[in-house]
Amino acid sequence: MSTLSTPPIARKRPLWSRLPVVRQVRQSVGLQRGMLVVGLVIVGIFVLSAIFASLIAPYSFSQLSDAHGNFGAQQPPSSAHLLGTTVGGYDVLSRVIWGSQTALFVIVLAIVFSIFLGVLLGLVSGYLGGWLDRILVVVADAVYAFPSLLLAIVMSIVISGGQSNLIGGVLAAAISITVVFIPQYFRVIRAETVRIKSEAFVESAKVLGASSLRIMFRHVLRNATRTLPLIFTLNASEAILTLAGLGFLGFGIEPSSAAEWGYDLNKSISDVTSGIWWTSIFPGLAIVLAVLGMTLVGESLNDLADPRLRTRRRADGSAPVPTDGATAPEGSTDIVGDLELESRE
């Protein structure tokens, strides 16, 4: 008498293994995993330094003296000042640490503003089409073709007159960078919206009598924003470079209001010719490492999101493929779940 064997039940992975960053690390292999881990470590150090700047930095960003007297200008690295002092008498290590906090503020504000406006305009333009779509596309292309740093300088002058305090300077820099980034999010979301609005589940929602607003924000938006994390990481590195460029050219934040790496580099130009290296190398190294970390994360996420690269890794045998039928390939359950949700709606 034969017995029917029941197929093994797929075991659900624990919650921690399904978190966005953890899942990408589990999917990556070889050199790609190394790049992603290194990028995450650098970004983690950058974020932690910004959050705990008041605890890590030995002095305030604008502090010129302590109980022993004035720091002195252009002092070499010593036990009192591990990275030396600047031409203005500020502690270099403190300025570098506090500068990460300023950069993080600007990145968060610029990306949030850019995503909100760019996604909204791209969604409306791609779904409605017509004359509104043509006007928005022309305006976005015109802004996108304009040199980004020059546009940020113009916006900074218009908003804050070139320099301002911490809140005004951060807002001016963030808004300046936002104007540069909006066309990028607009073009990506518009292209995805144009593609998705012709899908069967959107047509089904129209037949069932769903309003245009419900279709746009309930069905289209959820599927059109899946590539935003990739753009976010790449734009974050560009935001750091734009902020440093504004500060280097003298359109950034006043040194008594906040620390900014670009401004410190500008003030250290004359020091390089005099053999004073510590006032320029450490702010420049901070910019390079922050941009490098975010670029590594962004490029790794971009590779992992490309289905062709995932298929190639499995064909080469470099990524484990389940053979016992107990677990499904990475990400397939998410795709099936999305299709089921779309079919129900």
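Conventions and cut-offs
Residues numbered from 1 in each chain as written. Predicted model: local features only at pLDDT ≥ 70, side-chain atom pairs only at ≥ 80, totals over all residues. Heavy atoms only, no water. Patch = residues over 30% accessible without salt bridge, like charges linked within 9 Å, V, L, I, M, F, W, Y side chains within 5 Å. Areas by Shrake-Rupley, 256 points an atom, 1.4 Å probe, with all protein chains shown as cover. Salt bridge = Lys/Arg side-chain N within 4 Å of Asp/Glu carboxyl O. Helix = DSSP H or I, 4+ residues; strand = E, 2+ residues; numbered from the N terminus. Core = buried A, V, L, I, M, F, W, Y, C linked by side-chain atoms within 4.5 Å. Buried < 20%, exposed > 50% of the residue type's maximum accessible area, 1.4 Å probe, protein only. Contact = heavy atoms within 4.5 Å. Phe/Tyr/Trp six-rings, centres within 6.5 Å; stacked < 30°, edge-to-face > 60°. Lys NZ or Arg CZ within 6 Å of the ring centre and 35° of its normal.

### Brief notes about a nonpolar patch on the surface
Then, number 1: A contiguous nonpolar surface patch, about 920 Å² in accessible area, is contributed by Val 108, Val 112, Phe 113, Phe 146, Leu 150, Val 154, Val 158, Ile 159, Ile 167, Leu 171 and Ile 175.
Then, number 2: Elements represented by at least two residues in the nonpolar patch include exactly helix H4 (92-128), helix H6 (148-160) and helix H7 (166-196).
Then, number 3: In terms of residue count, H6 provides more of the nonpolar patch than any other element does, four residues in total.
Then, number 4: Structurally, Val 154 is set in helix H6.

### Quick look at the nonpolar core
In a soluble, globular protein the nonpolar side chains are often hidden away together inside.
Then, number 1: Core analysis: the biggest nonpolar cluster contains 51 residues, and Phe 46, Ile 107, Ile 177, Phe 181, Val 220, Ile 240 and Trp 261 have the highest contact counts within it.
Then, number 2: Elements with a minimum of two residues in this core: helix H2 (30-51), H4, H6, H7, helix H8 (200-207), helix H9 (212-224), helix H10 (228-248) and helix H13 (278-305).
Then, number 3: Apart from the residues lying within four places of it in its own chain, the contact partners of Ile 107 are Phe 46, Ala 236, Ala 239, Ile 240 and Met 294.
Then, number 4: Counting six residues, the second-largest nonpolar core is a separate cluster that includes Ala 57, Phe 61, Trp 98 and Ala 259.

### Considering the packing of aromatic side chains
Then, number 1: On inspection of all chains with the given rule, the structure shows five aromatic pairs.
Then, number 2: On the basis of an interplanar angle of 55 degrees and a centroid distance of 6.2 Å, the ring pair of Phe 46 and Trp 261 is categorised as tilted. With a gap of 215 residues between them, Phe 46 in helix H2 and Trp 261 in helix H11 (residues 261-267) connect regions that are remote in the sequence.
Then, number 3: Note on Phe 61 and Trp 98: the rings are 5.6 Å apart at their centroids and 70 degrees apart in plane angle, and the pair reads as edge-to-face. Taken together, the residues span a long stretch of sequence, with Phe 61 in the loop between helix H3 (53-56) and strand S1 (65-66) and Trp 98 in helix H4 at a distance of 37 residues.
Then, number 4: Its relative accessible area of 16% is what places Phe 61 among the buried residues.
Then, number 5: An aromatic cluster is built from Trp 277, Trp 278 and Phe 282, whose rings are joined through pairwise contacts.
Then, number 6: Residue placement shows Arg 95 over the ring face of Tyr 90; its charged tip is 5.1 Å from the ring centre.
Then, number 7: Sitting over the face of the ring of Tyr 144, Arg 187 holds its NZ or CZ atom 4.6 Å from the ring centroid.

### Re the pattern of salt bridges
Then, number 1: Using the criterion set out here, one finds three salt bridges in the structure.
Then, number 2: With a closest N to O distance of 2.9 Å, Asp 264 and Arg 95 form a salt bridge. Within this pair, whereas Asp 264 is found in helix H11, its partner Arg 95 is found in helix H4, the two being separated by 169 residues in sequence.
Then, number 3: Exposure remark for Asp 264: the relative accessible area of 9% places this residue in the buried category.

Shape descriptors only; they carry no functional weight alone.
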